[in-house]
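# Report on the structure
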Amino acid sequence: MQAERPFVITIAGFDPSGGAGILADCKTFEQLKVQGLAVCTAMTVQTESQCLSMEWQPLDQVLSTVDILMKKYPVEAVKIGVVKEAGFLNEIIKTIKANAPEAKIVWDPVLKSTSEFTFFDLDTLSQLKNVLNQINLITPNYNEYQVLQENILFKQAEGPCAVLIKGGHREDLLGTDVLKENGKEILIHPSDDSSVYYPKHGSGCVLSSAIAAHLAKGEDMESACRKGKLYIEKFLTGTPGLLGFHS
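These numbers come from a predicted model, not from an experiment.

Calculation rules
- Residues numbered from 1 in each chain as written.
- Predicted model: local features only at pLDDT ≥ 70, side-chain atom pairs only at ≥ 80, totals over all residues.
- Heavy atoms only, no water.
- Pairing = 2+ DSSP bridges.
- Helix = DSSP H or I, 4+ residues; strand = E, 2+ residues; numbered from the N terminus.
- Contact = heavy atoms within 4.5 Å.
- Axes fitted to C-alpha atoms, helices over the stretch in contact; angles between N-to-C directions.
- Polar contact = N/O pair within 3.5 Å; in protein donor to acceptor, adjacent residues only side chain to side chain.
- Core = buried A, V, L, I, M, F, W, Y, C linked by side-chain atoms within 4.5 Å.
- Buried < 20%, exposed > 50% of the residue type's maximum accessible area, 1.4 Å probe, protein only.
- Parallel < 35°, antiparallel > 145°, perpendicular 65-115°, else oblique.
- Left-handed = near helix turned anticlockwise from the far one by under 90°.

### What to know about the sheet that holds strand β4 (residues 75–80)
Pairing is mixed across the open sheet formed by nine strands, whose spatial order is β3-β2-β1-β4-β5-β6-β7-β8-β9. If you trace the sheet from one side to the other, it starts and ends with β3 (51–56) and β9 (184–188), each paired once. Note: strand β1 (residues 7–14) against strand β2 (residues 35–46), eight bridges, orientation parallel. By the bridge assignment for β2, Gly 13 is matched with Ala 42. Set on the sheet, helix α6 (residues 203–216) makes contact with β1, β4, β5 (104–107), β6 (137–138) and β7 (162–165); between it and β4 the angle comes to about 165 degrees.

Have a look at this one:
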């Protein structure tokens, strides 16, 4: 008999190419043997190489869906992807906490797409400082982390929110992630220097949802990030195209 799987929710955008957003997250959840639920924050028209348009879903609709799902299912972790602005994010987190105070929350702060389509209202970045205190982990890439540092002025070494700075965009130590947690910095190096990694649409979505899945299964933060990195490495070595597959 199949063992019961922990529940994980992704609250993110819908990408019709399936490479990013809630479709990519649910593919990841399935491979990692957690039960995936999904709430759509935005409908997009995009391919793996270009985002053409976005339509935000009404906040009350998003919140009511989160509330209904969390009242029905014992959610262990939540992955949050693209959101409109800081107030939008704060209301989502308040709804999560009202239903499951102990659920782990991972936010992948999608500020812009690779094709320079702006998602998050950068004028609200200064409002994120208090919101971050309610989040267990954020997973910015190297460039996003610089923007967050400049606008929020938060000291992650002193706060409750851990940060995984993804190393795919850095010039030194390419591919090495940095986990900042409880005043410590932990380097997470690529597992195999000989592997060929292909750029992939939605790789940030896949990594953050993989980490959320492992947190839901009871892994501590460092272990979840290391296992998430192993998953994304397999994803990045699969095919040379921008659309990856999960196996």
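So that's the structure; there's more coming.
### A few points about the side chain of Thr 28
Within the secondary structure layout, Thr 28 lies in helix α1 (residues 21–31). Polar contacts involving the side chain of Thr 28 include one to the main-chain carbonyl oxygen of Ala 24, which spans 2.9 Å. Excluding residues that lie within four positions of it along the chain, Thr 28 makes contacts with Val 206, Ser 209, Ala 210, Tyr 231 and His 246.

### Observations regarding the nonpolar core
Core analysis: the largest hydrophobic core is formed by 39 residues, its most contacted members being Ile 80, Trp 107, Leu 128 and Ile 135. Of all the elements, helix α3 (residues 86–99) adds the most residues to this core, at six residues. With near-sequence residues (within four places) excluded, Ile 80 lies in contact with Ile 11, Leu 89, Ile 92, Ile 93, Ile 96, Ile 105, Val 106, Trp 107 and Asp 108.

### What about the environment of Asn 136?
Mapped onto the elements, Asn 136 comes out in the loop between α4 (128–132) and β6. For Asn 136, a relative accessible area of 22% gives the class partly exposed. On a C-alpha basis, the gap between Asn 136 and Cys 161 in space is 4.8 Å, while along the polypeptide they are 25 residues apart. Ignoring any residue separated from it by four or fewer positions in sequence, one finds Asn 136 in contact with Ala 103, Lys 104, Ile 105, Pro 160, Cys 161, Ala 162 and Met 221. A polar contact of 2.8 Å, which involves the side chain of Asn 136, links it to the backbone nitrogen of Ile 105.

### Brief notes about the environment of Glu 233
Take Glu 233: it is sitting in helix α7 (residues 221–236). A sequence separation of 43 residues divides Glu 233 from Pro 190, and the C-alpha atoms of the two residues are 7.9 Å apart.

### Considering the packing of α6 against α7
Where α6 meets α7, the axes come as close as 8 Å, and the angle between the chain directions of the two elements is 140 degrees. What the angle tells us is that α6 and α7 run oblique. As α6 runs across α7, the sense of the crossing is right-handed. In this structure, α6 contributes Ser 203, Val 206, Leu 207, Ala 210, Ile 211, His 214 and Leu 215 to the contact, and α7 contributes Met 221, Ala 224, Cys 225, Lys 227, Gly 228, Lys 229, Tyr 231, Ile 232, Phe 235 and Leu 236.

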